[in-house]
Amino acid sequence: MKRKLGFVLAGIFLATIFSITWMPASATAGPIKLTYANFPPAPTFPCVQMERWKKEVEKRTNGKVAISTFPGGTLLKAKGMMDGVIAGTADIGNLCMAYQPGRFLITNAIALPLGLPNSEVASLTLWDLYRKYKPKAFAKVKVLTMFTTAPSNIMSKIPIRNLEELKGVPIRASGGAAQILKAWGANRVGMPMPETPEALQKGVVKGLFSSLEVMKDFKFAELCKYVTMIQTPVYPFAVVMNMDKWNSLPKDVQKVFDELGTQQSVWTGVYMDNHVKKAMRWSKRKQGVKVFRLSKKQQAKWYKLLEPITAKWIEKNKAKGLPAEAIVQDIKDFAQMYSGK
Ligand code: 3IO
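Residues numbered from 1 in each chain as written. Predicted model: local features only at pLDDT ≥ 70, side-chain atom pairs only at ≥ 80, totals over all residues. Heavy atoms only, no water.

Caption draft 1: Structural detail: the site of the ligand. Around the ligand there are 17 residues in total, and Tyr99, Arg172, Ser210, Ser211 and Glu213 lie nearest to it. At 2.7 Å, a side-chain N or O of tyrosine 99 approaches an oxygen atom of the ligand. A distance of 2.3 Å is found between an oxygen atom of the ligand and a side-chain nitrogen or oxygen belonging to arginine 172. Bound to the protein, the ligand loses 100% of the 350 Å² it would expose on its own. Split into classes, the residues belonging to the shell around the ligand amount to eleven nonpolar, four polar and two charged. (Near = heavy atom within 4 Å. Polar contact = N/O pair within 3.5 Å; in protein donor to acceptor, adjacent residues only side chain to side chain. Areas by Shrake-Rupley, 256 points an atom, 1.4 Å probe, with all protein chains shown as cover. Nonpolar A, V, L, I, M, F, W, Y, C, P; charged D, E, K, R; others polar.)

Caption draft 2: Geometry of the domain arrangement of the protein. Segmentation of the protein into domains returns domain 1 (28-150 + 234-275) and domain 2 (152-233 + 288-321). For domain 1 versus domain 2, the distance between C-alpha centres works out to 25 Å. Every contact between the two is made by 25 residues of domain 1 and, on the other side, 26 residues of domain 2. Both sides of the domain 1 and domain 2 interface together cover about 2,000 Å² of buried area, and 66% of this is carbon and sulfur. Taken as a group, Leu112, Pro113 and Tyr235 account for 30% of the area that domain 1 buries against domain 2, more than any other trio of residues on that side. (Domains from an automatic or database assignment. Contact = heavy atoms within 4.5 Å. Buried area = accessible area lost by both parts, 1.4 Å probe.)

Caption draft 3: Spatial organisation of the pattern of salt bridges. Per the stated rule, a full pass over the model turns up 15 salt bridges. The residue lysine 132 makes a salt bridge to aspartate 330 at a minimum N-O spacing of 2.9 Å. Of this pair, lysine 132 sits in helix H5 (residues 119-133) while aspartate 330 is found in helix H14 (residues 324-338), placing the two residues 198 residues apart along the sequence. For aspartate 330, a relative accessible area of 10% translates into the label buried. One connected set of salt bridges, linked through shared partners, spans Arg52, Glu56, Lys59 and Arg60. (Salt bridge = Lys/Arg side-chain N within 4 Å of Asp/Glu carboxyl O. Helix = DSSP H or I, 4+ residues; strand = E, 2+ residues; numbered from the N terminus. Buried < 20%, exposed > 50% of the residue type's maximum accessible area, 1.4 Å probe, protein only.)

Caption draft 4: Seen up close, the environment of arginine 172. Take arginine 172: it is sitting in strand E6 (residues 170-172). Once the C-alpha coordinates of arginine 172 and leucine 208 are considered, the two residues, 36 residues apart in sequence, prove to be 4.4 Å apart. Aside from chain neighbours lying at most four places away, what touches arginine 172 is Tyr99, Val189, Met191, Pro192, Met193, Thr196, Val205, Gly207, Leu208, Phe209, Ser210 and Tyr235. At a separation of 3.4 Å, a polar atom in the side chain of arginine 172 contacts the side chain of threonine 196.

Caption draft 5: Up close: the confidence of the model for the protein. Chain-level pLDDT for the protein is 94 on average; 92% of the residues reach the 70-or-more range. Taken together, the stretch residues 17-22 has pLDDT below 50 and engages in one contact with residues farther than four places along the chain or on a different chain. (pLDDT = per-residue confidence, 0-100.)

Caption draft 6: Representation of the packing of aromatic side chains in the model. Counted by the stated rule, this structure contains 16 aromatic pairs. Ring centres of tyrosine 130 and phenylalanine 138 lie 5.6 Å apart, and the angle between their planes is 85 degrees; this geometry places the pair in the edge-to-face category. Among the aromatic residues, ring-to-ring pairing joins Phe39, Phe45, Tyr99, Phe147 and Phe237 into one connected group. The ring centre of tryptophan 282 lies 5.8 Å from the NZ or CZ of lysine 216, which sits over that ring. (Phe/Tyr/Trp six-rings, centres within 6.5 Å; stacked < 30°, edge-to-face > 60°. Lys NZ or Arg CZ within 6 Å of the ring centre and 35° of its normal.)

Listed below in structure tokens is the structure:
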């Protein structure tokens, strides 16, 4: 009897060992784990779109992929995002291309003053621009999506109702937006968004030039009681992935990521456009923010000063060997198409 029990136990033991060793790798190894770094605080739009993407990926892969998100610059910071992803510090990272205008020449053309009407249209336009030109700046990464902010406006501690009141005033902006501020005679101060709250508090800058949802998401409405509406330009963003990590993904997972590219771009655009409206309602009602709309005559004056910017950009980048005229024309054409015109 004892011997028989011994055989049975040995059999169970061996069966267990075999079933463990023969289980498919994915079942024993658990989900594919990926890290996703972001530079601004969690409540801001780049992180909201990150959480939405994470949820969507985990759902569409049936839990085969698990994403750990790192908002607030906890894994990589604004200007180190691209190189950090190339080095593999994070598997995925979200970056604002305006912080390195010289590095992302083609995609930063979306920040020329071309009258892009909203984030939805601008985001889809940028994504098409990237896919058409496949800029060398992204050769070392897999680009998962791109999107833009809503058009920029001036948020300030002092009223700015005309160009005279803007002259020499230190205002924070980056990339294409900084060029535009310069053309209006402001004293542009360049820094990434996460450094702006402190600069405003300390008085290093008297305002900022960006999309208006930050009035609520960064609570800038508590300091900046004035908004001057001018509705140009947008800031471009990219979500990039480490190339080796991308290549290591199973084909079905790659397919899910690729399918999400355009969907994530338009989702973020629509979220941004709606969020700007909400933020401005809150700013006016709860924070007593005053909004200035320029007279037709003032507006024409402001826009006139921007006319040389695109012409100069074309000239400069043609000399560098880029199809600069075609890039600008494509932005205009794509935007018109997405605007339904
Ligand atoms: C931005 C960057 C981080 C979080 C929220 C934001 N809303 C608009 C921007 C654009 C931007 O990068 C900038 O520097 O104005």
